[in-house]
Amino acid sequence: MGISAKNKIPLSCLSPRQLIELDACSRCGECMKWCPIYAVDRSEDLIPGNRIAALKKLLKSQHGLRARLFAGDRFSKEQVDRLIEVLYECTACGQCHFVCPARIDTAELWEALREAVVEAGLGPLPNQAEYLRVLKKYENPFKEPQENRGLWVPRGLEQGTLYQDLPLITQSPQPVLFYLGCTASYNPEINLVAQWVANLMHKAGVKFGVLGNQENCCRGKLRRMGDGDFAAKAIENIDLLNSLGINTLVTNCAGCYKTIFQDYPRIKEINFKVYHAIEYIDMLIREGKLQLVNPVPVQLTYHDPCHLGRHNGIYDAPRRVLQAVPGVELVEMERIRQNSRCCGMGGGLKMGFPEIQALAAAERIKEAERTGAAAIVTPCPTCFLGLQTGAAKAESDIRVKHLMELVNLSVFGQ
Amino acid sequence: MSPFGTDLIYYKPWLFFIIIQTIGLTIFIMGMADNLNFYYRGKARSFRNNPSLGAMIKVFFNEILLQRQFFARGFFRWLNHILIFWGFLGLLSLSAIGVLLKIVPGDSAFFEFFTVGSGYLYYKFAGDLAGLMVLAGAAAALIGRFTTGPDSIDTRLTDTAALGFLLLLVLTGFLLEALRLAATPWAPAFEYSFVADFMAGLVAGRQVPGSLMTALWTFHATLTAAFVAYIPFSKMVHIFAAPAEIVINASEEELRGDLYGYLR
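Since we're looking at a predicted model, the values are computed, not measured.

Conventions adopted
Residues numbered from 1 in each chain as written. Chains lettered and ligands numbered in written order. Predicted model: local features only at pLDDT ≥ 70, side-chain atom pairs only at ≥ 80, totals over all residues. Heavy atoms only, no water. Domains from an automatic or database assignment. Contact = heavy atoms within 4.5 Å. Buried area = accessible area lost by both parts, 1.4 Å probe. Salt bridge = Lys/Arg side-chain N within 4 Å of Asp/Glu carboxyl O. Polar contact = N/O pair within 3.5 Å; in protein donor to acceptor, adjacent residues only side chain to side chain. Pairing = 2+ DSSP bridges. Helix = DSSP H or I, 4+ residues; strand = E, 2+ residues; numbered from the N terminus. Axes fitted to C-alpha atoms, helices over the stretch in contact; angles between N-to-C directions. Phe/Tyr/Trp six-rings, centres within 6.5 Å; stacked < 30°, edge-to-face > 60°. Buried < 20%, exposed > 50% of the residue type's maximum accessible area, 1.4 Å probe, protein only. Lys NZ or Arg CZ within 6 Å of the ring centre and 35° of its normal.

What follows is about the domain arrangement of chain A. Bring the parts together and some accessible area is lost; that lost area is often taken as the interface size. Residue and element names in this part refer to chain A. Along its sequence, chain A is carved into domain 1 (5-123), domain 2 (138-284) and domain 3 (291-412). A separation of 34 Å is found between the C-alpha centroids of domain 1 and domain 2. At the junction of the two partners, domain 1 supplies seven residues and domain 2 supplies eight residues. Both sides together, the interface formed by domain 1 and domain 2 hides about 680 Å², and carbon and sulfur atoms give 34% of it. Broken down residue by residue, the surface that domain 1 buries against domain 2 is led by Glu-108, Glu-111 and Glu-115, which jointly contribute 68%. Inspection of the domain 1/domain 2 interface yields four salt bridges. Between Arg-223 and Glu-115 there is a salt bridge, and its shortest N-O distance comes to 3.0 Å.

Looking now at the interface of chain B and chain A. Contact residues are listed per partner, giving 43 residues for chain B and 49 residues for chain A. At the boundary of chain B with chain A, total buried surface from both sides reaches about 4100 Å², with 52% on carbon and sulfur atoms. Run the count over chain B and chain A and you get six salt bridges. A:Arg17 is paired through a salt bridge with B:Glu245; the nearest N and O atoms lie 2.9 Å apart. Viewed at the interface, chain A and chain B are joined by 15 residue pairs in polar contact (both at pLDDT 80 or more).

Residues and elements named next belong to chain A. Taken in spatial order, the four strands line up as β2-β1-β3-β4 in an open sheet, and their pairing is parallel. Edge positions in the sheet fall to β2 (208-209) and β4 (273-276), since each has one partner strand and no second. Where strand β1 (residues 176-179) and strand β3 (residues 248-251) come together, four bridges link them in parallel fashion. Across the sheet, the residue bridging to Leu-177 is Leu-249, located in β3.

What follows covers the sheet that holds strand β6 (residues 328-330) of chain A. Residues and elements named next belong to chain A. Across the sheet, four strands lie side by side as β6-β5-β7-β8; this open sheet has parallel pairing. Every other strand in the sheet has two partners, leaving β6 and β8 (399-402) as the edge strands with one partner each. Direction aside, the axes of adjacent strands within the sheet are offset by 40° on average. With three bridges connecting them, strand β5 (residues 298-302) and β6 associate as parallel partners.

This next bit is on the packing of aromatic side chains. Residue and element names in this part refer to chain A. If you walk through the whole model with that rule in mind, you get 24 aromatic pairs over all chains. Here the aromatic rings of Tyr-257 and Phe-261 are separated by 5.1 Å at their centres, their planes lie at 10°, and the arrangement is stacked. Residue Tyr-257 and its partner Phe-261 are located together in helix α14 (residues 254-267), separated by four residues, close to a single helical turn. On the accessibility criterion, Tyr-257 (2% relative accessible area) is buried. Residue Phe-261 is classed as partly exposed on the basis of its relative accessible area of 37%. One Lys or Arg, Arg-51, reaches over the ring of Trp-110 and ends 4.5 Å from the middle of that ring.

Structure follows, in structure tokens:
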């Protein structure tokens with residue numbers, strides 16, 4: 001049975017540029033050499049160039065001249081299902097964009113195509129659909145009640161890991177908002193990262209507050225997986241954030257950072273600056289507001305998160321912070337900066353293909369091992385978790401560290 | 001008479017040529033119109049900010065004319081593609097001159113320069129050079145595609161067909177010219193047509209029937225028309241779409257500024 005008329009993929013979700021991109025690909029094969037997912041799952045239809053060719057054929061069979069003259073090529077349900085699977089077996093890391101001779105903006109293209117297939121009722125994959133349903137219902141992917149979102153503050157104070165209380169920005173207006181995101185709010189291990197950032201910002205004299213239970217999910221995962229509700233949900237957040245009277249938003253989550261910094265302004269204007277915590281800490285160090293005095297003697301390697309590096313050009317700030325920590329010796333991996341190998345956590349891949357994510361992260365861990373470093377650090381909580389999975393998969397002894405832990409150790413000595 | 005002697009050594013069915021080229025061109029125009037219609041059915045925004053003309057111009061020179069992005073991936077990768085790119089542009093320009101010669105008055109300076117003047121020699125030299133560039137680039141690309149090893153490129157019939165089309169076009173062009181030179185008393189001017197002259201040496205002394213040359217000429221003309229018609233419906237459409245994408249991206253990428261060092 002072929003694809004039905006009601007599953008016609010709308011071109012309106014894509015821009016003319018993105019439709020030109022489908023023709024710009026000559027399947028030269030450059031992307032094949034760099035794709036972190038094809039490296040671990042050698043299905044040829046995963047190669048970005050092949051994915052573009054297949055999707056172009058499907059779209060032209062529904063919208064092109066041949067579709068009008070000859071009712072288009074027939075695609076079987078199995079063929080369409082595989083195409084959709086291939087579209088989602090990708091982290092949208094953007095590596096293919098950086099090596100593409102035609103400069104096709106692949107990460108944006110995959111997201112727009114996902115939106116189009118979701119609108120046609122063909123995506124996302126069942127696991128991802130369930131993830132998104134939970135996210136929309138609970139405002140987080142962990143099925144945690146919203147009233148527990150701010151519990152980390154009293155808990156941190158009680159445990160002595162958070163050194164100072166944090167004002168609720170809705171009750172006590174502050175110029176800076178510290179936006180945690182879901183993982184840091186509910187996952188105890190990642191919440192420690194948020195507490196380190198908060199301690200460092202207090203130490204530097206930054207006047208900031210949090211949203212507590214009023215903080216919503218950034219809803220970035222909706223965009224990554226093509227959910228059409230993203231724009232409406234994002235506007236709710238933008239209106240809330242714009243109403244706070246802040247001049248700066250700092251977030252420790254690379255995914256939230258990309259969503260708020262890059263996606264929100266395309267939907268509605270935002271009236272504040274957005275920083276990832278590592279950029280902000282780098283700025284505080286350079287302004288002399290934070291002194292990294294305690295040595296942390298370790299040889300380590302740095303993993304560039306896709307959402308900070310390739311997607312937003314933040315390569316130098318984390319490296320400057322690392323170099324500011326006394327005792328740290330940085331050894332770089334083979335693939336860094338624009339060519340950093342993705343850990344597999346982005347774009348909803350983890351939800352759809354957890355085994356592929358583990359394999360991709362294991363590849364990155366093996367690369368880190370080849371440097372001889374004792375630890376691999378990253379400033380992204382999602383990559384931090386993904387690399388931990390990779391280390392377990394690769395049965396590696398390398399330690400996976402969050403960059404903020406090193407800064408915290410160097411500033412506070414504990 | 002041109003420095004190459006007469007062109008009238010075998011029969012050329014010009015009426016067939018005109019018909020087949022018209023058909024090829026009509027299919028090309030219809031295909032491109034359909035492509036444009038397809039592109040403009042996209043309703044999302046192509047540009048997030050105002051287009052940056054400066055960035056687009058710089059990148060046009062660097063990545064379309066000089067193809068620096070290929071160089072970044074390796075010298076031979078760049079060489080393959082730039083040979084095909086400039087060779088193809090050269091052949092296209094020479095074909096345009098050929099069409100103009102059928103239109104302009106026979107007593108014009110342009111006509112005289114390219115038929116009996118030194119322009120004819122340059123025309124022949126440029127034709128052989130451009131053809132050789134396409135031949136070398138396409139052959140190297142084809143070899144690269146079929147190189148065995150873990151990094152070998154996934155190659156499909158459409159990839160082979162596109163490169164094979166190019167190779168066949170240029171080879172039949174050279175063969176035609178070589179047979180014509182072989183059938184004509186040698187003149188020093190032949191050296192300008194250096195590839196065909198070399199090939200003519202290989203068939204020297206053999207009688208090639210005029211009917212065979214007519215058939216080859218017809219085949220070459222049909223092949224060019226088919227190639228033109230094939231462009232909008234094949235991966236060859238990238239010759240228009242890729243440059244468009246490169247200049248659009250230059251404007252957008254400037255916002256992020258980490259892909260093109262020279263735009264900073």
